[in-house]
Amino acid sequence: MANRVLLLLGALCVLTAPAVWGDAALDAALALIPDDGDVAVLYTSEGRAALEAAIDALEAAVGVTASFDATSEDAYMALEIPIEQKPLVNKLSQALYTLGDVFLYRESAATRKAIFERGQFWGLKSLRMNPMFAAVETSADRFIDAIAQEMDVAALYWTYGNWARKDEFDILGAVFRNDPPKLEALIMRALEVQPTYINFGAYRSIAAFWGGLPALPLIEYRQDLPRALAYLCPVLTEPGHCIECAACPFDPDCNLYFENRLIFAQYYLMKKDAWAEAARVLQSILDEPVGELHALYNAFDQELARELLAEVQKHL
C-alpha cells in the first residue's frame, strides 16, 4: 500500500508541476494508465488534477497543439502519429472516458458529452491507425467488417465505452442514427479478443448495452433484459438469478470489483422493478470496504450505489 501511494504522489507531483511537457511528464502519465487496468488515481480532487494533467501530457506527446480543434473528428484523423505511439492514443481514449465517467459526474450533460466525444475520436483514431482496419472500412463504408478483424482490444473497448456513453445523452437519436449495430460490433469483438480485459469489462458493457436500450416495440435494437443477465452472470455470484450458468462466475474475484453488482442492480433488477433485490445488492456494495485493488472505481461506485439505493427505497 505504501509503495503504491508513493508512486501516485510522485506521479502527481510531476504531472501538476508548472512546466513544459517532457519525458518526465509523459512517463508519469503512463504510470497512471496501465495497459490493462483502471486509471491509478484516487477518487479525490488531486486524482482528477493528475488525470487531467496526464491527458495534457499524452496529447502533447502525439502532436496536439494549441490550434487543434478537439471538436472535429477530421482533426484527429489528420494527425500523423507514428504507429509505435498507438498505445498512447488508446490511453488517451481511456483517460477521457474515466474523466467523463467519474470526475465529471456532477457536471453538465454538454460538458460530459464533449469529453466522451473526444474519447471516441481518439478511439477511432487508434482503430484507423491499423492499415488493415482503414483499408476495409474505406473500401465500401464497411465499419463493422473492419471491426471483425481488429485485434487491438484497448482500441475496441474504449471506442465503444466513449461512444456508448456519448449516446446516452440522446438514446433515441442514437437508435435512429443506427449506432447500436456499430456499438454491438465493437464490444462483442473486444469480448472475443480478450474477455478478461479491464476485469472482464466487456461482460458489464454488453449487459448495460442491452439493459439500457429503450423498451420500444418493433425495432431490432431494444431493451433485452434476459440478454443483459446472460452477460452479467459471468461476473456475479448470484446463483438464484444465474441458474442457467453452472460455470458462473468466470471471474472468481468478481465481488472485489463493485461495478459488477452496480450494473446488475441498475441495468437488470431496477429495470425489472425488482426493488427489494436491487436494495439488497446495492446495500452489499455499501457494506464492504473500498479496498486498494480497485480504489478509484469502487469509491465512485459506492457513491452511485448510495444514490441508486435512495431511489430504490422510494419503491419499497
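Quick summary incoming for the structure in this document. Since the model is a prediction, treat every value here as computed from it, not as a measurement.

Moving on to the overall build of the chain. From N to C terminus, the chain includes 16 helices and zero strands. Its C-alpha atoms give the chain a radius of gyration of 20 Å, within 12% of the compact-globule value 20 Å for 316 residues. For the chain, the proportion of its 316 residues judged to be buried stands at 52%. Taking contacts inside the chain between residues at least 6 apart in sequence as the whole, the part at least 24 apart equals 69%. For the chain, the exposed surface amounts to about 14300 Å²; the carbon and sulfur share of it is 57%.

Now for the environment of D170. Within the secondary structure, D170 is located in the loop between α9 (153-167) and α10 (171-176). With relative accessibility at 33%, the residue D170 sits in the partly exposed group. Along the primary structure D170 and K113 are separated by 57 residues, whereas in three dimensions their C-alpha atoms are 9.9 Å apart. A polar contact of 3.1 Å, which involves the side chain of D170, links it to the backbone nitrogen of G173. A polar side-chain atom of D170 sits 3.3 Å from a polar atom in the side chain of R177.

Per the counting criterion, the structure on display carries 21 aromatic pairs. Each ring, one from Y43 and one from F300, has its centre 5.6 Å from the other, and the planes form 75 degrees; the classification is edge-to-face. One end of the pair, Y43, is in the loop between α2 (23-32) and α3 (45-61); the other, F300, is in helix α16 (residues 295-313), and 257 residues separate them in sequence. Owing to a relative accessible area of 1%, F300 belongs among the buried residues under this scheme. Centroid distance F68 to W122: 6.3 Å. Interplanar angle 15 degrees. Geometry classified as stacked. One end of the pair, F68, is in the loop between α3 and α4 (73-78); the other, W122, is in helix α6 (residues 109-128), and 54 residues separate them in sequence. On the accessibility criterion, F68 (17% relative accessible area) is buried. The buried category is assigned to W122, whose relative accessible area is 0%. Sitting above the plane of the W210 ring, R227 keeps its charged end 4.1 Å from the centroid.

Here Q302 is to be found in helix α16. Look at Q302 and you get buried, because its relative accessible area is 12%. Those residues within four positions of Q302 in sequence are excluded, and the remaining contacts are F258, I285, L286, E288 and V290.

Across all of its chains, the model carries two disulfides by this definition. Here C233 pairs with C242 through a disulfide, and the sulfurs are 2.0 Å apart. Between C233 and C242 the disulfide shows an S-S torsion of about -90 degrees. By sign, it is left-handed. Residue C233 is classed as buried on the basis of its relative accessible area of 4%. C242 sits in the buried class, given a relative accessible area of 7%. The disulfide partner of C245 is C248, and the S-S distance across this bridge is 1.8 Å. Across the S-S bond linking C245 and C248, the dihedral sits near 75 degrees, which makes this disulfide right-handed. Residue class for C245 comes out partly exposed when judged on its relative accessible area of 23%. Cysteine C254 shares no disulfide, and the gap to the nearest cysteine sulfur, in C248, comes to 9.3 Å.

Attention shifts here to helix α13 (residues 225-232). For α13, the full list of buried residues reads L225, A228, L229 and L232. Down the axis of α13, the smallest arc covering the buried residues is 95 degrees, so these residues share one side.

On to helix α5 (residues 86-103). With 18 residues, α5 extends 25 Å between its outermost C-alpha atoms, agreeing within 8% with the 26 Å of an ideal straight helix rising 1.5 Å per residue. Extensive coverage of α5 is indicated by the burial of 17 of its 18 residues.

Let us look at the packing of helix α12 (residues 197-212) against helix α14 (residues 259-269). Packing of α12 against α14 leaves a shortest axis separation of 10 Å and a crossing angle of 10 degrees. On the basis of their axis angle, the class for α12 and α14 is roughly parallel. For the pair α12 and α14, the contacting residues are R204, A207, A208, G211 and G212 in the first and E259, N260, I263 and Y267 in the second. For the contact of α12 with α14, a count of residues per class yields four nonpolar, three polar and two charged.

About the thresholds
- Residues numbered from 1 in each chain as written.
- Predicted model: local features only at pLDDT ≥ 70, side-chain atom pairs only at ≥ 80, totals over all residues.
- Heavy atoms only, no water.
- Helix = DSSP H or I, 4+ residues; strand = E, 2+ residues; numbered from the N terminus.
- Rg over C-alpha atoms; globule rule 2.2 N^0.38 Å.
- Buried < 20%, exposed > 50% of the residue type's maximum accessible area, 1.4 Å probe, protein only.
- Contact = heavy atoms within 4.5 Å.
- Areas by Shrake-Rupley, 256 points an atom, 1.4 Å probe, with all protein chains shown as cover.
- Polar contact = N/O pair within 3.5 Å; in protein donor to acceptor, adjacent residues only side chain to side chain.
- Phe/Tyr/Trp six-rings, centres within 6.5 Å; stacked < 30°, edge-to-face > 60°.
- Lys NZ or Arg CZ within 6 Å of the ring centre and 35° of its normal.
- Disulfide = S-S within 2.5 Å.
- Arc of directions from axis to C-beta.
- Expected span 1.5 Å × (residues − 1).
- Axes fitted to C-alpha atoms, helices over the stretch in contact; angles between N-to-C directions.
- Parallel < 35°, antiparallel > 145°, perpendicular 65-115°, else oblique.
- Nonpolar A, V, L, I, M, F, W, Y, C, P; charged D, E, K, R; others polar.

It is worth stressing that arrangement in space is one thing and function is another; only the former is reported here.
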